[in-house]
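Letter by letter, the chains look like this.
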Amino acid sequence: MISPITSARLAMQAASLGSQVVGRVAGEVVGGVEKTIDRFEQVLQGPSSNHAAETDAVESSFAHTQRPSEGKLQSMINDFSEAVRKELESIGIAANPPVELAVPSDGDLRVTNDHPDAARIETALSGNRDILDQWRQIRNVSGVNRIIVSEASGASA
């Protein structure tokens, strides 16, 4: 049997330990909130020479929540389609018939229609970082999940 004095000491040690844990957790939460507030202030103030890289990272992390205007999105899609047409032209493939592109769950750019050169197109596009980056940017800001690139008419989403 534990004496009342020992029991009281154990209870006090447990309370002290609990208090220390709560204090540390609270400190980490407050520190995280302070960092977040600092980053929001940086975004609102604009980039400075000291914090430009951090601000760019914060702004890019919010890019997926800010939908561009209809005109800006169409411009992004047109630029992407033009880059795809140029890449296809460089390997001797015309976008006629049209090329339907999508990114399934595996994350690779895929030709999703029955284009006769689908395999060559996928190989060419998967090695082009600019095209892949343009696609990711379109997906992040719009949720567009497929784009049809044709020779004459431009693109549609």
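Just above, that's the structure.
What you see is a predicted model; the values in this text were computed from it and never measured.

(A) View of the overall build of the protein. Summing up its helical and strand segments, the protein has five helices and four strands in all. Helices (α) and strands (β) of the protein occur, in sequence order from the N terminus, as α-α-α-β-β-α-α-β-β. By residue count, 25% of the 157 residues in the protein fall in the buried class. Expressed as a percentage of contacts within the protein between residues at least 6 apart in sequence, the contacts between residues at least 24 apart total 51%. Per element, the accessible surface of the protein, about 10500 Å² overall, is 53% carbon and sulfur.

(B) Structural context of the pattern of salt bridges. Within the structure shown, the criterion is met by six salt bridges. We note a salt bridge from Glu122 to Arg110, for which the minimum N-O separation is 3.6 Å. In this pair, Glu122 is assigned in helix α4 (residues 118-126) and Arg110 in strand β2 (residues 110-111), connecting sequence segments 12 residues apart. The class for Glu122 is buried, based on a relative accessible area of 19%. Between Arg136 and Asp133 there is a salt bridge, with its nearest N and O atoms 3.4 Å apart. Of the two residues, Arg136 and Asp133 both sit in helix α5 (residues 129-142), three residues apart, roughly one turn of that helix. In this structure Arg136 comes out as partly exposed when scored by relative accessible area, which is 38%. Judged by its relative accessible area of 44%, Asp133 falls in the partly exposed class. Salt bridges sharing common partners tie together Asp108, Arg110 and Glu122.

(C) Main features of the environment of Arg110. The class for Arg110 is partly exposed, based on a relative accessible area of 27%. With 13 residues separating them along the chain, Arg110 and Thr123 place their C-alpha atoms 9.3 Å apart. Once residues within four sequence positions are removed from consideration, Arg110 is found in contact with Glu100, Leu101, Ala102, Pro104 and Glu122. At a separation of 3.3 Å, a polar atom in the side chain of Arg110 contacts the side chain of Asp108.

(D) Structural context of the packing of helix α3 (residues 70-90) against α5. Running from N to C, α3 and α5 point in directions that differ by 155°, and their axes come no closer than 10 Å. Viewed along their axes, α3 and α5 adopt a mutual orientation that is roughly antiparallel. Between α3 and α5 lies a crossing of left-handed hand. Of α5, the residues touching α3 (which contributes Leu73, Met76, Ile77, Asp79, Phe80, Ala83, Val84 and Glu87) are Ile131, Gln134, Trp135, Gln137, Ile138, Val141 and Ser142.

(E) Expanded view of the nonpolar core. The biggest cluster of nonpolar side chains holds 23 residues, and the ones touching the most others in it are Phe80, Val84, Leu101, Ile138 and Ile147. Listing elements by their share of this core, those giving two or more residues are α3, β1 (99-102), α4, α5 and β3 (146-150). Residue contributions to this core peak at six residues, all from α3. Each residue touching Ile138, except ones within four places of it in the same chain, is listed here: Leu73, Met76, Ile77, Phe80, Gly143, Val144 and Ile147.

(F) Summary view of the packing of aromatic side chains. Under the criterion given, the structure shown has one aromatic pair. Each ring, one from Phe80 and one from Trp135, has its centre 5.4 Å from the other, and the planes form 50°; the classification is tilted. Placement of the pair is Phe80 in helix α3 and Trp135 in helix α5, with a sequence separation of 55 residues. Grouping residues by exposure puts Phe80 and Trp135 together as buried.

Reading the values: rules and limits
- Residues numbered from 1 in each chain as written.
- Predicted model: local features only at pLDDT ≥ 70, side-chain atom pairs only at ≥ 80, totals over all residues.
- Heavy atoms only, no water.
- Helix = DSSP H or I, 4+ residues; strand = E, 2+ residues; numbered from the N terminus.
- Buried < 20%, exposed > 50% of the residue type's maximum accessible area, 1.4 Å probe, protein only.
- Contact = heavy atoms within 4.5 Å.
- Areas by Shrake-Rupley, 256 points an atom, 1.4 Å probe, with all protein chains shown as cover.
- Salt bridge = Lys/Arg side-chain N within 4 Å of Asp/Glu carboxyl O.
- Polar contact = N/O pair within 3.5 Å; in protein donor to acceptor, adjacent residues only side chain to side chain.
- Axes fitted to C-alpha atoms, helices over the stretch in contact; angles between N-to-C directions.
- Parallel < 35°, antiparallel > 145°, perpendicular 65-115°, else oblique.
- Left-handed = near helix turned anticlockwise from the far one by under 90°.
- Core = buried A, V, L, I, M, F, W, Y, C linked by side-chain atoms within 4.5 Å.
- Phe/Tyr/Trp six-rings, centres within 6.5 Å; stacked < 30°, edge-to-face > 60°.

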